[in-house]
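Each chain, letter by letter, is given below.
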Amino acid sequence: MRYVRTRVVAGAAVFCVTTAGILAILARNAPPRPNVVLIVIDALRPDHLACYGYSRELSPTIHALARRGALFRQAISQGTWTLPSVTSLFLSQYVSVHRVESVERRIADRATTLAEILRGHGYATGAFVMAGFPSAAFGMSQGFDHFRAMTGGSESMNPAIVKWLSERKRPFFLYVHYPDAHYPYRLPNPYRENYGAGYSGPADGMAPLGRLRDKLQPKDVQHLIDLYDNEISHVDFQLRTVVNALKALGLEEDTSIMLTADHGEAFLEHRKQLGHRGWPYEELVRVPLIVKGPQARAGTIVSQQVETIDLAPTILEMAGIRADANMQGHSLLPLLRGETQPASYAFSECLPLHLEAVRTERWKLIRNDESGERELYDLHEDPQERIDLAARRPALTKALGEVLLRFRQSNEALSAGREAAVANPDPKTLEQLRDLGYVQ
Ligand SMILES: [Zn+2]
């Protein structure tokens, strides 16, 4: 089903010298371990980036990273909202394995996160994240020497990030989770007026989306998109501060930057979905993925479908560390080296709503496990998922349904006895989640 990774582990020759002598030889011969900067821009859709074909030029910094590194055309997130998606990224597990899929659930202490593994191998680990889900209350701080959940946008997070970078010993792992493209849109001037100036109406970027959903005219939806685009433009400008700091600190050469998102954002394309957490259509599960660093040749385009659970094994292989046995993703380094890999499936889930999807590079089946509703799309001919082909292609619908069934059964077996821990978010975190629209 998925490709099997073979790993070459550097073996130590046996020398008739002292242990100290062997260690000295190994240290001299070991390749330098790269620093890794993982940047998650919440709710960033790839089709709103010029490097993925968007007509508006919002993101010159991201585009420059893509030119100097590798761009993955089809990266799929395993969840449709922040908590399950980021948990999948850090554990390299599908949502139906970790089951961190409600505000009452968090990563269990006994689970092993990417940050914990890196720290255990001598990496300095730092995280600067938006307040809300990537927080300690949900187990996200596990493995970080320094973890700061911050209110405010990227511009208020950057000074602390640059300070941490300037004081770090090497190698380091830095996780930045910017909130800017996540609703509500509170952009400071002067960026707010780039697109959508002169609008008046209910879509002010602040009103709760649940109340707006049924009131919006096309011009209001377009205004939400304008505000979203202004946020992308802003966060891209702010990202330049971190990229420039790496350069100024002499860290550029041996640092890998990976840029992605936790999920996308819906603007009423399907089923009146506005925001995220819902049916896993492309606008919610397709995310950007750009890797710039020593192991990514400039200008590489990877067309093969990949998943965000692949990021943790990739980062570990970059660092010369064996992936944890519980990880379900696969390192992307073979694809970055230009090796051809067999085609694989990508899966996305939204468990509280009984929704799941399986995607090949051409076909996608979305299923509601409770109601039995099924939709099949031909992503080559119909990338916006307008024409449901489930009734016209029953054999293919059935075959992909069986893939989903096997996927669920094997995940149920893996998750048995490893329930997610109960979360007790403090009042401040709950207030932040309310502000983001997750808690009523
Ligand atoms: Zn998110």
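Calculation criteria
- Residues numbered from 1 in each chain as written.
- Predicted model: local features only at pLDDT ≥ 70, side-chain atom pairs only at ≥ 80, totals over all residues.
- Heavy atoms only, no water.
- Helix = DSSP H or I, 4+ residues; strand = E, 2+ residues; numbered from the N terminus.
- Contact = heavy atoms within 4.5 Å.
- Areas by Shrake-Rupley, 256 points an atom, 1.4 Å probe, with all protein chains shown as cover.
- Buried < 20%, exposed > 50% of the residue type's maximum accessible area, 1.4 Å probe, protein only.
- Arc of directions from axis to C-beta.
- Pairing = 2+ DSSP bridges.
- Axes fitted to C-alpha atoms, helices over the stretch in contact; angles between N-to-C directions.
- pLDDT = per-residue confidence, 0-100.
- Expected span 1.5 Å × (residues − 1).
- Phe/Tyr/Trp six-rings, centres within 6.5 Å; stacked < 30°, edge-to-face > 60°.
- Lys NZ or Arg CZ within 6 Å of the ring centre and 35° of its normal.
- Donors = N, O, S within 2.8 Å, 3.2 Å for Na, K, Ca; no water.
- Core = buried A, V, L, I, M, F, W, Y, C linked by side-chain atoms within 4.5 Å.
- Parallel < 35°, antiparallel > 145°, perpendicular 65-115°, else oblique.
- Nonpolar A, V, L, I, M, F, W, Y, C, P; charged D, E, K, R; others polar.
- Salt bridge = Lys/Arg side-chain N within 4 Å of Asp/Glu carboxyl O.

Regarding the overall build of the protein chain
Secondary structure assignment for the protein chain yields 13 helices and 19 strands. Of the contacts made within the protein chain by residues no fewer than 6 positions apart, 70% connect residues no fewer than 24 positions apart. Only carbon and sulfur atoms are counted for the fraction: they give 52% of the accessible area of the protein chain, which is about 18500 Å².

Some details on helix H13 (residues 427-435)
All of the buried residues in H13 are Thr429, Gln432 and Leu433. The buried residues of H13 all sit within an arc of 100° when viewed along its axis, so they share a single face. Opposite the buried face of H13, at more than 90 degrees from it, the exposed residues are Pro427 and Lys428.

Some points on the sheet that holds strand E13 (residues 300-302)
The sheet built from 8 strands is open, its strands ordered E6-E5-E7-E1-E8-E12-E2-E13 with mixed pairing. Edge strands, defined here as strands with exactly one partner in the open sheet, are strand E6 (146-150) and E13. Averaged over all neighbouring strand pairs, the angle between strand axes comes to 10°, with direction disregarded. In terms of strand pairing, strand E1 (residues 35-41) meets strand E7 (residues 172-178) through 6 bridges, oriented parallel. Note that in E7 the partner of Ile41 across the bridge is Tyr178. Where helix H3 (residues 82-91) meets the sheet, it contacts E1, E7 and strand E8 (255-260), and its direction lies at approximately 165° from that of E7. Along the sheet face, helix H6 (residues 154-167) touches strand E5 (124-130), E6 and E7 and points at about 175° away from the line of E7.

Examining the confidence of the model for the protein chain
Chain-level statistics for the protein chain give a pLDDT mean of 89 and a share of 90% at 70 or above. Counting contacts from residues 1-17, a segment whose pLDDT is below 50, to residues more than four positions away or on other chains yields 28 contacts.

Some remarks on H6
With 14 residues, H6 extends 20 Å from end C-alpha to end C-alpha; this agrees with the ideal 20 Å at 1.5 Å per step. Of the positions making up H6, those classed as buried are Ser154, Met157, Asn158, Ala160, Ile161, Trp164 and Leu165. Tucked inside the fold, the buried residues of H6 contact E5, E6, E7 and helix H8 (218-248).

Some thoughts on the packing of aromatic side chains
Evaluation of the coordinates by the stated rule reveals 17 aromatic pairs. Aromatic pair Tyr281 and Tyr377: ring centres 6.4 Å apart, planes at 65°, arrangement edge-to-face. A residue pair is termed long-range when its members are at least 10 positions apart, and Tyr281 in the loop between strand E10 (274-275) and helix H9 (282-285) and Tyr377 in strand E18 (residues 374-378) qualify at 96 residues. Comparing Tyr281 with Tyr377 shows no difference in burial state: the two are buried. Every member of this aromatic cluster is reached through a ring pair, and the members are Phe90, Phe144, Phe147, Phe173 and Tyr175. Note that Arg277 overlies the ring of Trp81, its terminal NZ or CZ placed 5.0 Å from the centroid.

Focus: the coordination of the zinc ion
Distances from the zinc ion to its protein donors, Asp42 (OD), Asp42 (OD), Thr82 (OG1), Asp262 (OD) and His263 (NE2), fall within 2.0 to 2.4 Å. Summarised as a motif, the one-chain spacing of the donors to the zinc ion is D-x39-T-x179-D-H. Within this pair, whereas Thr82 is found in helix H3, its partner Asp262 is found in the loop between E8 and strand E9 (266-267), the two being separated by 180 residues in sequence. The pair Thr82 / Asp262 is uniform in exposure class, with both members buried.

Focus on the nonpolar core
Formed by 111 residues in total, the largest nonpolar core has its most connected members in Phe173, Tyr175 and Tyr178. A per-element tally of this core places H8 first, with 12 residues. In this structure, Ile309, Ala390, Val403 and Phe407 belong to the second largest nonpolar core, which totals 13 residues.

Considerations on the pairing of E7
Within E7, 7 of the 7 residues are buried, which leaves it mostly tucked inside the rest of the structure. Where E5 lies against E7, 6 bridges are found, and the strand directions are parallel. When the bridges of E7 are listed, Ala124 appears paired with Phe172.

Here we look at the packing of H6 against H8
Close contact between H6 and H8 brings their axes to 10 Å; oriented N to C, the two are set at 10°. Looking at the two axes, H6 sits roughly parallel to H8. Contacts between H6 and H8 involve Ser154, Glu155, Asn158, Ile161, Val162 and Leu165 from the first element and His234, Val235, Gln238, Thr241, Val242, Ala245 and Leu246 from the second. Its residues placed into classes, the contact of H6 with H8 shows 7 nonpolar, 5 polar and 1 charged.

Section: the environment of Ala70
By secondary structure assignment, the location of Ala70 is in strand E2 (residues 70-72). Other than its neighbours up to four places away in sequence, Ala70 contacts Leu289, Ile290, Val291, Ala296, Arg297, Thr300 and Leu336.

A closer look at the pattern of salt bridges
With the rule as written, the count across this model stands at 24 salt bridges. Measuring nitrogen to oxygen at the nearest pair gives 2.9 Å for the salt bridge that ties Glu385 to Lys364. Placement of the pair is Glu385 in the loop between E18 and helix H12 (394-415) and Lys364 in strand E17 (residues 363-368), with a sequence separation of 21 residues. With a relative accessible area of 1%, Lys364 lands in the buried category.

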